Amino acid sequence: MGFEMEWKKVKRTGFIPAFLFGGVLAAAVPVLNMAVRSEVVLGIDAPPIQSLLNANWQMMAMLNVLLVVAEACLMYHTEYADNAMQRMCTLPMKESNLFFGKFAFMAVMCVVILIIENAAIAFCSFHWFGRTENILVELFQNLGYELLLMLPAVLCSLLIASVCINMWVSLGIGVVCVFMATMLPTDNFILSLFPFALPFQIFAGTAKDTVCHFIMAAWIEIVILTMIEVLFLKVRRLFE
Amino acid sequence: MSFLSLVGIELKKIHRSKIVWILAIATVILWFPSILNARINFEMHGEGISPENNFLIQGFMGMAWFMFPASMVVGTVLLNMVERSNKGMLKMLSLPVNTVKLCLAKFVVLLTLAAFQILMTVGMYYVSAGIASQTQHYNFILQPLFVFKEAGMIFAAAIPMISFFWLLSVCIQTSIFSIGIGLASIVPSVLMINTKIWFAYPMAYPFFVITAEYGKLAANFTTSQVELIPWLPAAASITIFCLFASCLCFGRAERR
């Protein structure tokens, strides 16, 4: 129910075109990069997917995270603008359902943009590398991994957006968090567990142990962030 | 109503917006890693830049590439939302005030926010340089004249970019598009500064200017330098066009 309601709410806000446009923009990064300077990427001595991701994923992940932050702000802005939130609170449903509906919707849109991006990477590897063995399996693994690592960022930005009533405050905090994620050193495991830094990780070429650690960490973060949000909503309700 | 008092009123509107806190947190986060990694500054023999210059320029580069442009996008959202909530814009348009003046007053407020953020960055630079000098037993503190010159250059180079963001937020009514285009346009600036047509991309100006300074200060490292001839006319025409178009669009949706 929450999912359907969210779909109705965001229908006319430009939410879905913005998500698709962002996905296409991020997907254009590897294609353009290969078109302009393919010799640099082809020169890397690594499997095609890995060298493509190494060359482009930082920028694509940055676009993804910024998109997630902006869309999360927008989703809660539709609730807080003109006090729609107060009406939502009078409905016979839990306030946290609103959050989970939004989260489910964002997660589906994340799947969509990740499919677009991975399709672009598949196109690049077919077109420029010309090797096909196991590429689809690897891409699906990559997609699942990136999706799982993106969910903590989605939850965290929705959490920020649900706490702040004013859109610029949540957007500002989100942008500062993204900035912090770009400043963190990438070789430090503990620091790269920061929810907004997780989507910058690359699946291909990473040791199996590290991948397992990141997957576990992402699940733990998802559980913790969900608990924080539910708790926060309960506490805020008490003081309203 | 004089222009100055209009700017004063606009400043009063964002008085309680907490934007200053967000900008302040950003500058603290910017300099914190520099203090922790102050030792790296001594390992720049390859580039041939002195440790104190490297400390300053690396920090400024971190600010100019993402945080500063992104804060300006947040600033445009703030200025926009203040008017949109509770139909503030309609009330403003009903006043006997020229809308062009109103639009420009808001732009000046945005510039003030930019200047304020840069000043805070400079302030935090002195604090962090002081701390780093203590921990590394080496004087990282530079002459204020030099630091302010660099900061002033970033600010001046950012004016076309800020006017472009202002145009986006005024002309595009759907807020997600104006925010999305603004934020997404910052990301490719790293690529744009390495191309020949960097002067056509206002979002890359602040980062380009500070990278050019890095090339000047580092003896063994060359970066492309600012060429005033294609740049100044391009920057001026972009700024004038953006401001002109935003003045035309200002309040158009509400006037219909």
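Predicted, not measured: the structure shown is a model, and the values here were computed from it.

**So, the nonpolar core**
All names here are of chain A. Ranked by size, the top nonpolar core spans 149 residues in total, and within it L66, V69, A70, A72, V154 and L171 carry the most contacts. With 19 residues, helix α3 (residues 48-80) is the single largest residue contributor to this core. Beyond its immediate chain neighbours, meaning those up to four positions away, V69 contacts S157, L171, G174, V175 and V178.

**Observations regarding the confidence of the model for chain B**
All names here are of chain B. Per-residue confidence for chain B gives a mean pLDDT of 89, with 100% of residues at or over 70. Across chain B, helix α6 (residues 144-171) holds the top mean pLDDT of 94, while helix α11 (residues 252-255) sits lowest at 82. Among the scores for the predicted complex, ipTM is 0.91 and pTM is 0.92.

**Some details on the interface of chain B and chain A**
Each side of the interface is counted separately: chain B has 25 residues, and chain A has 27 residues. Elements with a contribution of two residues or more to the side of chain B that touches chain A: α2 (19-36), α3 (51-84) and α7 (175-186) of chain B. Counting residues per element, the side of chain B that touches chain A draws most heavily on α3(B), at eight residues. For the side of chain B that touches chain A, the class distribution of residues is 19 nonpolar, five polar and one charged.

**Concerning α3(B)**
All names here are of chain B. Along its 34 residues, α3 runs 48 Å from first to last C-alpha, staying within 8% of the 50 Å computed at 1.5 Å per residue. The sharpest bend along α3 reaches about 50 degrees and sits at A64. The element α3 is extensively covered by neighbouring structure, given that 27 of its 34 residues are classed as buried.

**What to know about the environment of I222(A)**
Residue and element names in this part refer to chain A. With respect to the helices and strands, I222 occurs in helix α8 (residues 208-239). The class for I222 is partly exposed, based on 18 C-beta atoms found within 10 Å. In this structure the C-alpha to C-alpha distance between I222 and A153, which are 69 residues apart in sequence, comes to 9.1 Å.

Calculation rules
Residues numbered from 1 in each chain as written. Chains lettered and ligands numbered in written order. Predicted model: local features only at pLDDT ≥ 70, side-chain atom pairs only at ≥ 80, totals over all residues. Core = buried A, V, L, I, M, F, W, Y, C linked by C-beta atoms within 7 Å. Buried ≥ 20, exposed ≤ 12 C-beta atoms within 10 Å, placed from the backbone. Helix = DSSP H or I, 4+ residues; strand = E, 2+ residues; numbered from the N terminus. Contact = placed C-beta atoms within 7 Å. pLDDT = per-residue confidence, 0-100. Nonpolar A, V, L, I, M, F, W, Y, C, P; charged D, E, K, R; others polar. Expected span 1.5 Å × (residues − 1). Bend = angle between axes of the 7 residues up to and from the residue.

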